[in-house]
Amino acid sequence: MQNFRLIQLDELNPSSLNHPLCIIGMPGIADIGKFAVDQLIGIFKARKYCEIIFNDYPAGAIVDESLLSTPKAEILYYLDPKKKQDLILITADAQAMSPRGIYEISDYIATLIHQLGVVKILALGAYPIKNAKAEQGSIYITSTETKYIDQFLNSGEAKKVSKGVIIGSNGLIPTLAKARFGMEGIVLLAETDNSAIMNENITDLQASIHLLELVGKHFNLPIKNNFSENRITEISKDLETKRKQLEEELETIQPHVELADVDKSLYI
């Protein structure tokens, strides 16, 4: 594991956790999963357990309000005061640049959450469709366990993913965790317009919020919908402005970096 640097920022005793549920949202199509987890971090005021620096992340420093930071993955936690279900929340600034890197970071994270005593993983992402999606698009499920697929299908809350490939850590972490440690894995994918694959600048906040609502309902999380249409528009404009500023800065200081073998727009 010499490719990783683990920076532990807080103490967390696995034996003290209460039925921890791990929720993952990595960057991907329209950043649906990442935005959802970012919102959960804010809603629960989650504390940062550790950061993971990996030498296959994009080779560049992140600048935000003149502050420099390195691309990293983060593991945060929330301790339920009712001691019913604690949360482990995982996100990252970027996906690894190569297929091997994606596999390595996914395996490493699966090991870390196993050490924390996690027995169930929920990964969030996007499901691109060819036609324009409805105002509130469908949610699709795939899982390592038939029982969860049946639960969501029988309740009418999600549709079945019959075949396909989930590229990136959102799909690999649950499957590796199942194969190596017997953890249960669920992947929920919010429907988004197929144009998100062609345009990396699209952020489908409405799909993220729809996903959050289902997660809150199904996993008994106290999530209130504080996102009006105006608020969603404001956030979208702010994200677009920041993205354009970053792109302009990058064009002046570094050459364009192509992703080896796998197009990053396919990460869901």
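How each quantity is defined
Residues numbered from 1 in each chain as written. Predicted model: local features only at pLDDT ≥ 70, side-chain atom pairs only at ≥ 80, totals over all residues. Heavy atoms only, no water. Core = buried A, V, L, I, M, F, W, Y, C linked by side-chain atoms within 4.5 Å. Buried < 20%, exposed > 50% of the residue type's maximum accessible area, 1.4 Å probe, protein only. Helix = DSSP H or I, 4+ residues; strand = E, 2+ residues; numbered from the N terminus. Phe/Tyr/Trp six-rings, centres within 6.5 Å; stacked < 30°, edge-to-face > 60°. Pairing = 2+ DSSP bridges. Salt bridge = Lys/Arg side-chain N within 4 Å of Asp/Glu carboxyl O. Polar contact = N/O pair within 3.5 Å; in protein donor to acceptor, adjacent residues only side chain to side chain.

A. The arrangement of the nonpolar core in detail. With 36 residues, the main nonpolar core has Ile52, Ile88, Ile90, Ile105, Ile113 and Ile121 as its most contacted residues. Elements that contribute at least two residues to this core include exactly β2 (21-24), β3 (47-54), β6 (73-78), β7 (87-92), α2 (99-115), β8 (120-129), α4 (169-181) and β11 (184-193). When residues of this core are assigned to their parent elements, the largest contribution, seven residues, is made by α2. Counting 33 residues, the second largest nonpolar core, distinct from the first, contains Ala46, Tyr78, Ile186 and Leu212.

B. Quick look at the packing of aromatic side chains. If you walk through the whole model with that rule in mind, you get five aromatic pairs. Consider the rings of Phe54 and Tyr57, whose centres lie 5.7 Å apart with planes at 80°: the pair is edge-to-face. Put simply, the rings of Phe4, Phe54, Tyr57 and Tyr108 touch in pairs and so form one group of aromatic residues.

C. Structural context of the pairing of β7. Within β7, six of the six residues are buried, leaving the element largely enclosed by the surrounding structure. Here β7 shows a buried face lined by Leu87, Leu89 and Thr91 and a second buried face lined by Ile88, Ile90 and Ala92. As paired strands, β2 and β7 are joined by four bridges and run parallel to one another. Paired with Leu21 across the strands is Leu87, a residue of β7. One ladder, built from six bridges, connects β6 with β7; its direction is antiparallel. Its bridge partner lying in β7, Ile75 is registered against Ile90.

D. Up close: the pattern of salt bridges. Evaluation of the coordinates by the stated rule reveals ten salt bridges. The salt bridge involving Asp10 is made with Arg47; its shortest N-O contact spans 3.0 Å. On the criterion of sequence distance, the pair formed by Asp10 in the loop between β1 (4-8) and β2 and Arg47 in strand β3 is long-range, its members being 37 residues apart. Take Asp10: its relative accessible area is 18%, and that puts it in the buried class. Where Asp93 meets Lys72, a salt bridge forms, and the shortest distance between an N and an O atom there is 3.6 Å. In this pair, Asp93 is assigned in the loop between β7 and α2 and Lys72 in the loop between β5 (67-69) and β6, connecting sequence segments 21 residues apart. According to the relative accessible area criterion, Asp93 is partly exposed, its value standing at 34%. For Lys72, a relative accessible area of 11% corresponds to the buried category.

E. Layout of unusual backbone geometry. For Asp31, which is not a glycine, the phi torsion comes out positive at approximately 50°. Inspection of the secondary structure puts Asp31 in the loop between β2 and α1 (32-43). For Asp31, a relative accessible area of 26% corresponds to the partly exposed category. One non-glycine residue, Asn220, lies in positive phi territory at about 55°. Along the polypeptide, Asn220 turns up in the loop between α6 (205-218) and α7 (229-253).

F. Quick peek at the side chain of Gln95. Structurally, the position occupied by Gln95 is in the loop between β7 and α2. A residue is classified by how much of its surface remains accessible, and Gln95, at 8% relative accessible area, is buried. Side-chain polar atoms of Gln95 contact the backbone nitrogen of Ser169, separated by 3.3 Å.

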